[in-house]
Amino acid sequence: MPSSHPTLRRTFLQGVATAGAVSVLLPSARPALGYTSPIDRPVFATIGLRNQGWTITSKSFGFADFAALADVDSTVLGVNVAKVEKGQGKKPDAYSDYRKILDRKDIDAVMIATPDHWHTKISVEAMKAGKDVYCEKPLTLTIDEGKLIEKVVKETGRVFQVGTMQRTEIDQRFLLAIALIRNGRIGTVKKVTCGIDSMESSPVIPSVGVPEGLDWDFWLGPAAKVPYLALPELRKGYGGGVPLFSNCHYSFRNWHEYSGGKLTDWGAHHVDIACWALGATDTGPSKITPVDYKLPVEYKDGNPVPSNQYNAATNFTIRAAMPNDVELIITSEGDNGILFEGTKGRFFVNRGKITGKPVEELKESPLPDGAIEKVYGGKVSANHTANFIEGIKSRKQPISDVWSHNRMLEICHLSNIAMRLGRELKWDPIKREIIDDAQANSFLKRENRKGFEINM
Ligand SMILES: NC(=O)c1ccc[n+]([C@@H]2O[C@H](COP(=O)([O-])OP(=O)(O)OC[C@H]3O[C@@H](n4cnc5c(N)ncnc54)[C@H](O)[C@@H]3O)[C@@H](O)[C@H]2O)c1
């Protein structure tokens with residue numbers, strides 16, 4: 001049972017019940033209203049709300065009660081407090097400083113959906129404060145951050161789910177892909193190609209006034225202090241409503257200061273499935289080769305020279321030499337998805353489809369009963385939050401555990417380092433170090449800005 005104050009917990013739950021509107025607002029999303037003990041409905045808080053934070057919060061109303069939200073942008077916070085109040089029938093408390101959430105004893109778990117440069121600091125502090133953690137992918141900004149998170153999970157015994165929901169959701173399509181491989185339907189796997197799309201470059205982005213309500217210094221947090229940059233044009237569609245070109249909301253993905261470009265954004269999803277399918281969840285490549293790539297700005301000694309333009313790789317093809325002579329290709333070319341090729345056949349899978357002869361052959365020759373459950377390690381959970389909550393109850397690590405996540409993310413981080421330095425890297429998957437390259441090894445960690453160190 002996670003740390004909790006039953007009295008406070010009961011008060012919160014009674015508040016939800018007396019709000020009276022819950023079953024009216026969410027008749028189907030509230031199957032657990034008959035819960036009998038606090039553990040059936042843990043108390044959650046979400047940190048970072050604007051885009052994915054709202055997605056994972058609203059997906060979780062059926063399983064948890066949200067007592068609090070935190071965001072460094074007061075406009076985002078206000079909008080999401082109202083949305084969560086409508087969704088669950090009770091207003092969550094609102095904080096600009098996530099540490100207020102960590103101080104509260106009635107909160108069992110936090111969901112973290114800030115930009116990547118904040119993930120490790122908040123995750124570590126949350127675990128130290130006795131919270132179980134659901135943190136968005138990519139979990140880390142550097143390989144050393146991953147090692148630190150693993151250490152703290154071990155020390156604190158907290159349950160930790162990474163937000164790689166392709167493992168649980170998307171109609172179990174990726175689980176079917178792995179089941180096909182495990183059942184020998186393409187023979188011995190020889191090559192896996194992860195298509196993760198190209199990244200846009202940017203014009204020069206000017207320094208402008210910080211939008212009202214945004215605490216820019218706090219948003220930067222562990223990253224270096226720099227001016228807020230933005231152009232007036234707004235982003236449309238997914239993640240939209242904010243400047244198309246900026247160094248803040250949504251666009252942080254395009255900057256190595258806050259993220260790792262497509263390699264870690266989409267790589268965290270597809271390379272994850274590739275490594276799981278290969279059984280390469282506690283090992284890594286021996287070599288990373290940047291076959292072909294384009295950085296959008298000039299680099300010197302592995303660091304971008306201009307500070308006012310997107311700097312993450314726009315186009316790339318990376319080859320990782322995986323155990324058992326498997327070639328893993330990560331590329332911006334071709335369709336988004338994963339192509340598995342083996343000695344007996346090939347098939348393609350992405351979020352919309354799974355195609356190829358081995359898939360067609362399932363009509364005549366289905367997989368054995370329970371093949372998907374065997375991959376998942378039991379009955380597939382209703383969604384990725386439900387799986388997290390099953391872990392909170394059983395005290396077993398959920399399906400997206402930090403260890404396997406960090407191993408595959410090492411491939412993505414190494415790919416970025418190889419492109420930044422413009423050379424092939426040899427990797428020791430046991431020591432988790434780059435071989436004979438001190439400069440490249442210096443990119444395995446990053447110093448946090450003074451005042452934003454990780455409190456251990
Ligand atoms: N699993 C998925 O499929 C998926 C999809 C989208 C995004 N993500 C991940 O979710 C994370 C957020 O992405 P996004 O698109 O929502 O970004 P976003 O920029 O739209 O939103 C991030 C929010 O975090 C807030 N924030 C920043 N620092 C904070 C802090 N210290 N405390 C509290 N709030 C803080 C920002 O103000 C903003 O509201 C990223 O790591 C991204 O990779 C995952």
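All values reported here derive from a predicted model rather than from experimental measurement.

(A) Spatial organisation of the nonpolar core. With 106 residues, the main nonpolar core has Ala 45, Ala 177 and Ala 274 as its most contacted residues. Sorting elements by how many residues they give to this core places helix H15 (residues 402–421) first, with 9 residues. Shared between two domains, this core holds at least three residues of each, these being domain 1 (6–165 + 384–398) and domain 2 (189–343 + 404–444). Dropping the residues within four chain positions of it, Ala 45 is found in contact with Phe 66, Ala 67, Ala 68, Leu 69, Ala 70, Ile 101, Ile 107 and Val 110.

(B) Structural view of the site of the ligand. Around the ligand sit 30 residues, and of these Gly 48, Arg 50, Asn 51, Gln 52 and Glu 136 come closest. Among the elements of the structure, helix H3 (52–58) and helix H9 (216–220) are those that each provide at least two residues to the shell around the ligand. Its residues assigned to classes, the shell around the ligand comprises 14 nonpolar, 9 polar and 7 charged. The residues that make up the shell around the ligand include at least three from each of domain 1 (6–165 + 384–398) and domain 2 (189–343 + 404–444).

(C) A look at the confidence of the model for the chain. Across the chain, the average pLDDT comes to 92, with 91% of residues at 70 or higher. The low-confidence segment residues 1–37, where pLDDT is below 50, has 54 contacts with residues more than four positions distant or belonging to other chains.

(D) Seen up close, the packing of helix H6 (residues 119–128) against helix H7 (residues 143–156). In the contact formed by H6 and H7, the axes pass within 10 Å of each other and the chain directions differ by 10°. As far as their axial angle goes, H7 and H6 are roughly parallel. The residues of H7 that touch H6, namely those facing Thr 120, Ser 123, Val 124, Met 127 and Lys 128, are Glu 145, Leu 148, Ile 149, Val 152, Val 153 and Thr 156. For the contact of H6 with H7, a count of residues per class yields 6 nonpolar, 3 polar and 2 charged.

(E) Focus on the sheet that holds strand E8 (residues 287–294). Taken together, 9 strands build an open sheet; the order of strands is E15-E14-E13-E7-E12-E11-E8-E16-E17 and the sheet is mixed. Two strands lie at the open edges of the sheet, namely strand E15 (354–355) and strand E17 (433–434), each paired on one side alone. As paired strands, strand E7 (residues 189–195) and strand E12 (residues 326–331) are joined by 5 bridges and run parallel to one another. Each bridged residue has a counterpart across the sheet, and for Lys 191 the counterpart in E12 is Glu 327. Of the strands in this sheet, E7, strand E11 (315–322), E12 and strand E13 (337–342) are in contact with helix H11 (residues 267–278), which crosses E7 at around 170°.

(F) Representation of the packing of H11 against H15 in the model. Between H11 and H15, the shortest axis-to-axis distance is 9 Å and the interhelical angle comes to 115°. Regarding the angle of H11 to H15, the classification is roughly perpendicular. Considering how the two elements wind past one another, H11 and H15 form a crossing that is right-handed. Mapping the contact onto sequence places Gly 267, Ala 268, Val 271, Asp 272, Cys 275 and Trp 276 in H11 and Ser 404, His 405, Arg 407, Met 408, Leu 409, Ile 411 and Cys 412 in H15. Counted by class, the contact of H11 with H15 contains 8 nonpolar, 3 polar and 2 charged residues.

(G) Local environment of the pairing of strand E5 (residues 132–135). Burial along E5 is two-sided: the residues Asp 132 and Tyr 134 and Val 133 and Cys 135 are all buried. Bridge count between strand E4 (residues 109–112) and E5: 4 bridges; the pairing is parallel. Of the residues in E5, the one forming a bridge with Ile 112 is Cys 135. Where the polypeptide runs from E4 across H6 and back to E5, its parallel neighbour, the crossover connection is right-handed. With 3 bridges connecting them, E5 and strand E6 (residues 160–162) associate as parallel partners. From the neighbouring strand, Val 133 faces E6, where its bridge partner is Phe 160. In this fold, the crossover linking E5 to E6 by way of H7 has right-handed handedness.

(H) Layout of the domain arrangement of the chain. Each assigned domain of the chain is listed here: domain 1 (6–165 + 384–398) and domain 2 (189–343 + 404–444). Once you take the C-alpha centre of each, domain 1 and domain 2 turn out to be 27 Å apart. Contacts between the two partners involve 23 residues from domain 1, matched on the other side by 29 residues from domain 2. Contributions of two or more residues to the side of domain 1 that touches domain 2 are made by helix H4 (74–88) and H7. Across the side of domain 1 that touches domain 2, the residue classes tally to 7 nonpolar, 9 polar and 7 charged.

(I) Looking closely at the sheet that holds E6. An order of E3-E2-E1-E4-E5-E6 is seen for the 6 strands of this open sheet, with the pairing classed as parallel. Of all strands in the sheet, those bounded by a partner on one side alone are strand E3 (93–95) and E6. Each strand axis lies, on average, 20° off the axis of its neighbour in the sheet, ignoring direction. Sheet topology note: the strand E2 (residues 65–70)/E3 ladder contains 3 bridges and is parallel.

(J) A look at the environment of Ile 392. Inspection of the secondary structure puts Ile 392 in helix H14 (residues 384–394). For Ile 392 and Asn 448, which are 56 residues apart along the polypeptide, the C-alpha to C-alpha distance reads 30 Å.

(K) Representation of the pairing of strand E16 (residues 425–428). The two faces of E16 differ: Leu 425 and Trp 427 on one face are buried, but Lys 426 and Asp 428 on the other face are not. Two elements, E8 and E16, share 2 bridges in a ladder whose sense is antiparallel. Among the inter-strand pairings, Lys 287 is bridged to a residue of E16, identified as Lys 426. Pairing analysis gives 2 bridges linking E16 to E17, with the strands arranged antiparallel. In the strand pairing of E17, Trp 427 is matched with Ile 434. What sits between E16 and E17 in their antiparallel hairpin is a turn of 4 residues, with Arg 432 showing a positive phi close to 55°.

Calculation notes
- Residues numbered from 1 in each chain as written.
- Predicted model: local features only at pLDDT ≥ 70, side-chain atom pairs only at ≥ 80, totals over all residues.
- Core = buried A, V, L, I, M, F, W, Y, C linked by C-beta atoms within 7 Å.
- Buried ≥ 20, exposed ≤ 12 C-beta atoms within 10 Å, placed from the backbone.
- Helix = DSSP H or I, 4+ residues; strand = E, 2+ residues; numbered from the N terminus.
- Domains from an automatic or database assignment.
- Contact = placed C-beta atoms within 7 Å.
- Near = placed C-beta within 6 Å.
- Nonpolar A, V, L, I, M, F, W, Y, C, P; charged D, E, K, R; others polar.
- pLDDT = per-residue confidence, 0-100.
- Axes fitted to C-alpha atoms, helices over the stretch in contact; angles between N-to-C directions.
- Parallel < 35°, antiparallel > 145°, perpendicular 65-115°, else oblique.
- Pairing = 2+ DSSP bridges.
- Left-handed = near helix turned anticlockwise from the far one by under 90°.
- Right-handed = clockwise from strand over helix to strand, strands pointing away.

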